Amino acid sequence: MFVRLRHKLTVLYAGLFCAALILIGGTAYVVIADATQRLARDQLVKASEIFERSVRLRTEHLAASADSAANIVSLQQAAAGRDESAIRTQLEALRDNANADLTFLVTREGLVIAEDANAPTSVPPGLQRALAQTEAPSGILVFDGRQYHAATARIPGGLGWLVVGGRLDGDVQALEELATIPLDASTPLHTSEGWAQGEDAAALGALIERQVRAQSLRAEAIETSSGRTLALATPLPALDGSPSVLLLRYQLDGGLTQYSALFGTLLTVGLVGLSLLIAGSWLLANDITRPLSTLESAAQKLQEGVFETVAIVGRDELARLAASFNAMTGALRERERKITHLAYHDAETRLPNRLALERRLASAPQPERVYLAAIGVDRFTEVRGAIGYTLAGALMRVLGQRLLQLVPNAPVARLSSDVLGVGLLADSEADARKRASALIGALEQPLALEGHNLDINVTIGLAQPRAKTESPGAMIERASVALDQARSARQKLGLFDEAAYGDPARNLSLMSEMRRAVESGELMIVHQPKYDFRTGRIGSAECLVRWRHPTRGMIAPDLFIPMAEETGHIRALTEWVLRRAIVDQKRLAAAGWPLTLAVNVSGRLIGDDEFARAALELVAKAPHQLCFEITETAVIDNPQKALENIELFASKGVRISIDDYGSGLSSLAYLKQLPAHELKIDKLFVQSITNSQRDALLVRSTIELAHGLGLDVVAEGVETPGTFALLASMKCDLTQGYLIARPATIEELIAILGDEKRMRFYQQTALGGVAPAAARLA
Ligand code: C2E
Ligand code: CA
Ligand code: CA
């Protein structure tokens, strides 16, 4: 019914107050009305008694006066002599003496001699009778149309009677004036028409009849035309026999009019009180409901996730409720803060997590300038194995903190156990590379963890700024892929290469097509020659696999070799390459080129005994020596088994080459244990020896150390004559790269081998004759 508590309270209080007021007013009215009526009854009875007594006393006084006048001799003489003027003189004296209104003499013959000559001369018949029967009758007398209380005295000697009276209407008026209540007095006469005339004749007549008969002094309430009236009728003693009564009336309804002022005041006070009460309870309700409304709206906001405290006023229950509410809001806010913190932070390092980074990237102010770097700690699994999980976590935390110092305010996060992400602001790809390189230098500073000194290496994959349609999550994925791409290209830093990555969904289908590819001849091999500085000729070549996909064209091995490793097809693939290599080796031999052919053997495979058996069977069929190029990381991954198999291969005459040396966690000491013949320095280092003193030094010392271990050194990825000449001067044994030849088909290879001009060019370049040789070749 009520939507607002304030209205409810106000109406409730006002209603209660009105009820109380009506109760008080009603009770007062009833009590007053009852008291008034009782008072009026008493007053009527008293007035009636007073009237009766005073009339009696005055009549007695009149009787005494009349009696003494009757004994006056001069009156007797005047009566006897019928001397009317003398009689009149005597009557006048009597009137003055008795203080009467009416005096007259009744002669023996029944004539009236009055003071006033115009008065009636005949005696009223009732009086005549009374005078005859009684000695000195007194009572109410009607004379000349007026009522008198009258007394009589007999004049001695039978001379007649003296009658003396006072006007009754004067008595009635005096009574009205004397009475303490406003009563209406009258002395109705009983006539032939009854006691009364007019509107209320019947009611009044009946009342008078009743009361005269009952002879009791009890006022009665009757209904009259002017309302409820209290009436009392008392019979008056009649002198002339005509009955009359004293009728006292008191208007009951009007009786309360004297209290109307009281009721008026009561009403006014009540109304004022009511308005005060309404205003008061409105304010009070406001006092109660305002904090409640504030609480209500705060609770509503809380529902919407907005934490708002409410002001605490006073010390009452509402204040305590508000305080409890604030405490609850505070606790909720704290809990939400904790939950949010948990949701956006990595528990181990307390660094922001991937989700947090996504949020920061989504709200970055200049997304077109934000490059995302995924910074991977190299060989993290090994590092963790060495220092334990706890310290490995601490390591990531320290790196994260370094990152935050290096790029303050940048979004930093831990993307996976060994990868951190950071957003970099840059204006171009070159700029982004520069910044990322600077990070590599700073992050690779040695660090101390609980007394251990750690040297770590990192690789960075960079994702270009994201298009509006790309999600931050996809951008992080791009950076992670860029990191993988950089690692497999043996680079410290690489930008995301869309073309090389391809479409992950299509890559998935590639995997399922792998088996068919091996069986149906979609694979082919190409050969990349290795130039021997010592002989000035090409004495060996590396077999590299290619996949000619029927719909997707050439697919780079960097894409499908890792897949083949993952899906278990690598063994079939490698055995196939080995068979092809033997076929080609025979073909080359037939053409007069008995080359050593090298086959790449995945690290996953080298520890596989079944493969080892199959490979050895094939190797036995080869016309010349074969070489297995093994990536050194793979060897370390599964040391025991791999070592056994490598020893087995070596014992059967297979040349063992350590591939990609320098790109991983190198350990020359470990190489000593391997029965290897050859060390291939990764192209990443080789390519930079002409412009990086550090890399040149590294390659030179590697060559010296390898020679010290009895290993031939192959430098791969040689593209320029300058590099080629420098390697020659460093006493590198063999070299491989686009400068010598790109991977070629068997026919192309045979052509290259027979190209004497080409061989002379190599020899001259090795001696430093760069410019003329290059010009001639071009
Ligand atoms: P890898 O064993 O290090 O092979 C050398 C890669 O460097 C080849 O790429 C070759 O084309 C490339 N290359 C040679 N000279 C130059 C140069 O001067 N400059 C540059 N920039 N690159 C040069 P490719 O053929 O794409 O092979 C990539 C990788 O795929 C190989 O790296 C090898 O790990 C793997 N792979 C290729 N064929 C086989 C295979 O039959 N079996 C296995 N297990 N892996 C293979
Ligand atoms: Ca290789
Ligand atoms: Ca290599």
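For the structure, see preceding data.
Residues numbered from 1 in each chain as written. Chains lettered and ligands numbered in written order. Predicted model: local features only at pLDDT ≥ 70, side-chain atom pairs only at ≥ 80, totals over all residues. Heavy atoms only, no water.

A count of helical and extended segments in the chain gives 29 helices and 25 strands. Taken over the C-alpha trace, the chain has a radius of gyration of 71 Å; the compact-globule value for 778 residues is 28 Å, which it surpasses by more than 25%. Counting only C-alpha atoms and orienting by the principal axes, one finds that the chain spans roughly 215 × 50 × 50 Å. For the chain, the residues scored as buried account for 45% of the 778 residues in total. Of all intrachain contacts in the chain linking residues separated by at least 6 positions in sequence, the fraction that spans at least 24 positions is 64%. (Helix = DSSP H or I, 4+ residues; strand = E, 2+ residues; numbered from the N terminus. Rg over C-alpha atoms; globule rule 2.2 N^0.38 Å. Buried < 20%, exposed > 50% of the residue type's maximum accessible area, 1.4 Å probe, protein only. Contact = heavy atoms within 4.5 Å.)

What follows is about the coordination of the calcium ion (ligand 2). Taken together, the protein ligands of the calcium ion (ligand 2) are Glu542 (OE), Asn600 (OD1), Glu629 (OE) and Asp659 (OD), with distances of 2.1 to 2.4 Å. If you list the donors of the calcium ion (ligand 2) from N- to C-terminus, the spacing comes out as E-x57-N-x28-E-x29-D. Here the calcium ion (ligand 2) and the calcium ion (ligand 3) are spaced 4.2 Å apart, linked through Asp659, which binds each one. Of the two residues, Glu542 sits in strand β18 (residues 537–549) while Asp659 sits in strand β22 (residues 655–661), which places them 117 residues apart along the sequence. Take Asp659: its relative accessible area is 6%, and that puts it in the buried class. (Donors = N, O, S within 2.8 Å, 3.2 Å for Na, K, Ca; no water.)

Let us look at the nonpolar core. Ranked by internal contacts, the top residues of the largest apolar core, which has 81 residues, are Leu523, Phe628, Phe649 and Leu727. Ranked by residue count, the leading element in this core is helix α18 (residues 570–590), at eight residues. Those residues in contact with Phe628, other than ones at most four positions away along the chain, are Leu578, Val599, Val601, Ala615, Val619, Phe649, Val654, Arg655, Ile656 and Ser657. Leu351, Leu395, Leu424 and Ile460 belong to the second largest nonpolar core, which has 35 residues in total. (Core = buried A, V, L, I, M, F, W, Y, C linked by side-chain atoms within 4.5 Å.)

Counted according to the given criterion, the structure contains 42 salt bridges. Between Glu348 and Arg414 there is a salt bridge whose closest N-O contact spans 2.7 Å. Of this pair, Glu348 sits in the loop between α9 (317–344) and α10 (354–362) while Arg414 is found in strand β11 (residues 412–416), placing the two residues 66 residues apart along the sequence. Owing to a relative accessible area of 39%, Glu348 belongs among the partly exposed residues under this scheme. Of the charged contacts, one joins Glu444 and Lys492 as a salt bridge, the two residues approaching to 2.5 Å between their closest N and O atoms. Of this pair, Glu444 sits in the loop between α13 (429–443) and β13 (447–449) while Lys492 is found in the loop between α14 (472–488) and β16 (493–495), placing the two residues 48 residues apart along the sequence. (Salt bridge = Lys/Arg side-chain N within 4 Å of Asp/Glu carboxyl O.)

Taken together, the neighbourhood of ligand 1 is formed by 22 residues, with Gln528, Arg546, Lys683, Glu719 and Tyr738 sitting nearest. Contacts to ligand 1 include Asn600, whose side-chain N or O atom sits 3.1 Å from an oxygen atom. Between ligand 1 and Val718 there is a distance of 3.4 Å, counted from an oxygen atom to a backbone nitrogen or oxygen. If ligand 1 stood free it would expose 790 Å²; the protein chains cover 86% of that surface. Among the secondary structure elements, those contributing two or more residues to the shell around ligand 1 are β18, α17 (557–567) and β22. Take the shell around ligand 1: its biggest share by element is four residues, from β18. Residue composition of the shell around ligand 1, by class: eight nonpolar, six polar and eight charged. (Near = heavy atom within 4 Å. Polar contact = N/O pair within 3.5 Å; in protein donor to acceptor, adjacent residues only side chain to side chain. Areas by Shrake-Rupley, 256 points an atom, 1.4 Å probe, with all protein chains shown as cover. Nonpolar A, V, L, I, M, F, W, Y, C, P; charged D, E, K, R; others polar.)

It is worth spelling out the coordination of the calcium ion (ligand 3) at this point. Each donor-metal-donor angle in an ideal tetrahedron of four donors is 109.5 degrees, and each such angle in an ideal octahedron of six donors is either 90 or 180 degrees. Around the calcium ion (ligand 3), the donor atoms from the protein are Asp659 (OD), Asp660 (OD), Glu716 (OE) and Glu716 (OE), and they sit 2.2 to 2.6 Å away. Along the chain, the residues that donate to the calcium ion (ligand 3) are spaced as D-D-x55-E.

A positive phi is found at Arg350, a non-glycine position, where the angle reads about 60°. One can find Arg350 in the loop between α9 and α10. Notably, Asp660 is not glycine yet its phi reads approximately 55°, a positive angle. Tracing the sequence through the fold places Asp660 in strand β22.

On to the side chain of Gln464, then. Relative to the elements of secondary structure, Gln464 occurs in the loop between β15 (458–463) and α14. Engagement of the side chain of Gln464 in a polar contact is seen with the backbone oxygen of Phe496, the distance being 3.2 Å. Once residues within four sequence positions are removed from consideration, Gln464 is found in contact with Val370, Tyr371, Glu429, Met475, Arg478, Leu495 and Phe496.

Once that is clear, we can look at the sheet that holds β15. In spatial order, the strands read β11-β12-β10-β15-β16; together these five strands make up an open sheet with mixed pairing. The two strands at the open ends of the sheet, each matched to only one other strand, are β11 and β16. With direction set aside, neighbouring strand axes in the sheet form an average angle of 25°. In the packing of helix α12 (residues 389–406) onto the sheet, the strands contacted are β10 (370–377), β11 and β12 (419–425), and the crossing angle to β12 comes to about 5°. (Pairing = 2+ DSSP bridges. Axes fitted to C-alpha atoms, helices over the stretch in contact; angles between N-to-C directions.)

The pairing of strand β7 (residues 220–224) with strand β8 (residues 227–236) spans five bridges and is classified as antiparallel. When the sheet's bridge partners are listed, Glu220 is paired in β8 with Ala231. A loop of two residues connects β7 with β8, the two strands running antiparallel in sequence.

Our focus in this paragraph is the pairing of β18. As paired strands, strand β17 (residues 523–532) and β18 are joined by ten bridges and run antiparallel to one another. Across the sheet, the residue bridging to Lys530 is Ser540, located in β18. Taking the residues that link successive antiparallel strands as the turn, the β17-β18 hairpin has four residues, and the phi of Gly536 there is positive, at about 70°. Looking at chain direction, β18 and strand β19 (residues 553–555) are connected through three bridges and run antiparallel. Bridging across to β19, Trp547 finds its partner in Ile555.

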